[in-house]
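Single-letter residue listing:
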Amino acid sequence: MITPTEELAAFLRTRRERLDPGDLGLPARRQARRTPGLRREEVAELAGVSVDYVVRLEQGRGLRPSADVVAALSRALRLTPAERTYLFDLTRQRPDDAVEPATTAVPSLARLVADLSPLPAMLMNHRYDILAWNGEMAALLLDFGTLPPSRRNAMWLCLRHPEIRDYYVDRERVVREGIAHLRAAWAAHPEDPALLGLIAECTRDEEFARLWAERDVKATGRGSKVLRHPAAGVLAVDFEVLLPLQDTDQRVMIGRPADEASRAALRSCVGSPG
């Protein structure tokens, strides 16, 4: 498994190489560019650090940038908010909230998931481990109770479970978004052995390995997924992810039909969601 220092080096290189100098208002260079994106000296100039410092960061030579330098690099590389958070996590500069990774459902949140019926809902942690679910979610996706606890993981199910693997119409987008979330989770919890084991196992999957290498970082809190339900047919489900203020490593995912046709299809398999 790659270390945070090695990932920091690779991440900075990929973010630098994706930028167009012209978009940043940088002057044209006489010498032809042999590599895509910005040169290291241009990143150094934009961030207000030395070229040697950028070189050492990209070579993974054990530097730990200060919070100010991380912020400057984020601005220089035009990072998205999710990528900025990822960079702060990789450099261990984000304030530590001392939250332990959740392995079991908080009882009040498990009751909330049940009370959200007839809407499909489930409770997960940062690893995508499924900690609690209601009957509607089981009817929509899978009866998670039939699986051993070690396999109640949304990422693993999407990649390896024979029923779920072909469940999503836009499968690559779903897998890509899941990987982007796992990458952010890994940066925030680099010493979580269960997460490291999950990523190592998933990396044996060719599709996962290919998308993981792209180093996308994004926390997706809402969106829509189109499903091929074996009984209800094709339906679109909007989802919303809610994070409790107190138990911040647990998150509630709630599904709603995206249109009237999907509402009827969803009703046929899970009840009468509003």
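Scroll up to find the structure this text is about.
Residues numbered from 1 in each chain as written. Predicted model: local features only at pLDDT ≥ 70, side-chain atom pairs only at ≥ 80, totals over all residues. Heavy atoms only, no water.

J.: Explain the environment of Ser117 to me, and be specific about the residues and the numbers.
T.: Inspection of the secondary structure assignment puts Ser117 in the loop between α6 (107-115) and β1 (121-124). For the pair Ser117 and Ala213, spaced 96 residues apart in the sequence, the C-alpha separation amounts to 39 Å. Excluding residues within four positions of it along the chain, Ser117 makes contact with Asn134 and Glu136. (Helix = DSSP H or I, 4+ residues; strand = E, 2+ residues; numbered from the N terminus. Contact = heavy atoms within 4.5 Å.)

J.: Residue-level account of the pattern of salt bridges, with values.
T.: This model, assessed by the stated rule, comprises 21 salt bridges. Its salt-bridge partner being Glu260, residue Arg263 comes within 3.5 Å of it at the nearest N-O pair. Taken together, the residues span about one helical turn, with Arg263 and Glu260 both in helix α12 (residues 260-270) at a distance of three residues. The network of salt bridges with shared partners includes Glu172, Arg176, Arg210, Glu214 and Asp216. (Salt bridge = Lys/Arg side-chain N within 4 Å of Asp/Glu carboxyl O.)

J.: Go over the layout of surface pockets with me, naming the residues and quoting the values.
T.: Put simply, the second largest pocket is a space of about 290 Å³. Asp129, Pro149, Ser150, Arg152 and Asn153 are, among the 17 residues lining the second largest pocket, the residues nearest its centre. Among the secondary structure elements, those contributing two or more residues to the lining of the second largest pocket are β2 (130-133) and α10 (193-203). The element that contributes the greatest number of residues to the lining of the second largest pocket is α10, accounting for four residues. Within the lining of the second largest pocket, the residues separate by chemical class into seven nonpolar, five polar and five charged. (1 Å grid on protein atoms, 1.4 Å probe; cavity = no way out; pocket = protein on both sides within 12 Å on 5 of 7 lines; lining within 4 Å. Points joined across faces, edges and corners; volume = space filled by probe spheres on them. Nonpolar A, V, L, I, M, F, W, Y, C, P; charged D, E, K, R; others polar.)

J.: I'd like to hear about helix α1 (residues 4-17), residue by residue, with values.
T.: Because each turn of an α-helix spans 3.6 residues, side chains separated by three or four positions in sequence point in the same direction. Taking 1.5 Å per residue, 14 residues should reach 20 Å; α1 reaches 20 Å between its end C-alpha atoms and fits that length. The elements touched by buried residues of α1 are α2 (40-47), α3 (51-58), α5 (81-90) and α9 (171-188). (Expected span 1.5 Å × (residues − 1).)

J.: Run through empty space enclosed by the protein, naming residues and quoting values.
T.: Enumeration according to the criterion identifies one cavity of 30 Å³ or more in this entry. Each pocket or cavity is described by its volume, and for the largest cavity that value is around 50 Å³. Around the largest cavity sit Leu12, Arg16, Val43, Val54, Leu57, Glu58, Leu73 and Leu77, which together line it. Secondary-structure elements contributing two or more residues to the lining of the largest cavity are α1 and α3. Take the lining of the largest cavity: its biggest share by element is three residues, from α3. For the lining of the largest cavity, the class distribution of residues is six nonpolar, no polar and two charged.

J.: So, the sheet that holds strand β3 (residues 222-229): which residues are in play, and what are the values?
T.: Here five strands make up an open sheet; going across it, the order is β2-β1-β5-β4-β3 and the pairing antiparallel. The sheet is open, and its two borders are formed by β2 and β3, each paired with just one other strand. Averaged over all neighbouring strand pairs, the angle between strand axes comes to 30°, with direction disregarded. With three bridges joining them, β1 and β2 adopt antiparallel strand pairing. Within β2, the residue paired with Leu123 across the bridge is Ala132. (Pairing = 2+ DSSP bridges. Axes fitted to C-alpha atoms, helices over the stretch in contact; angles between N-to-C directions.)

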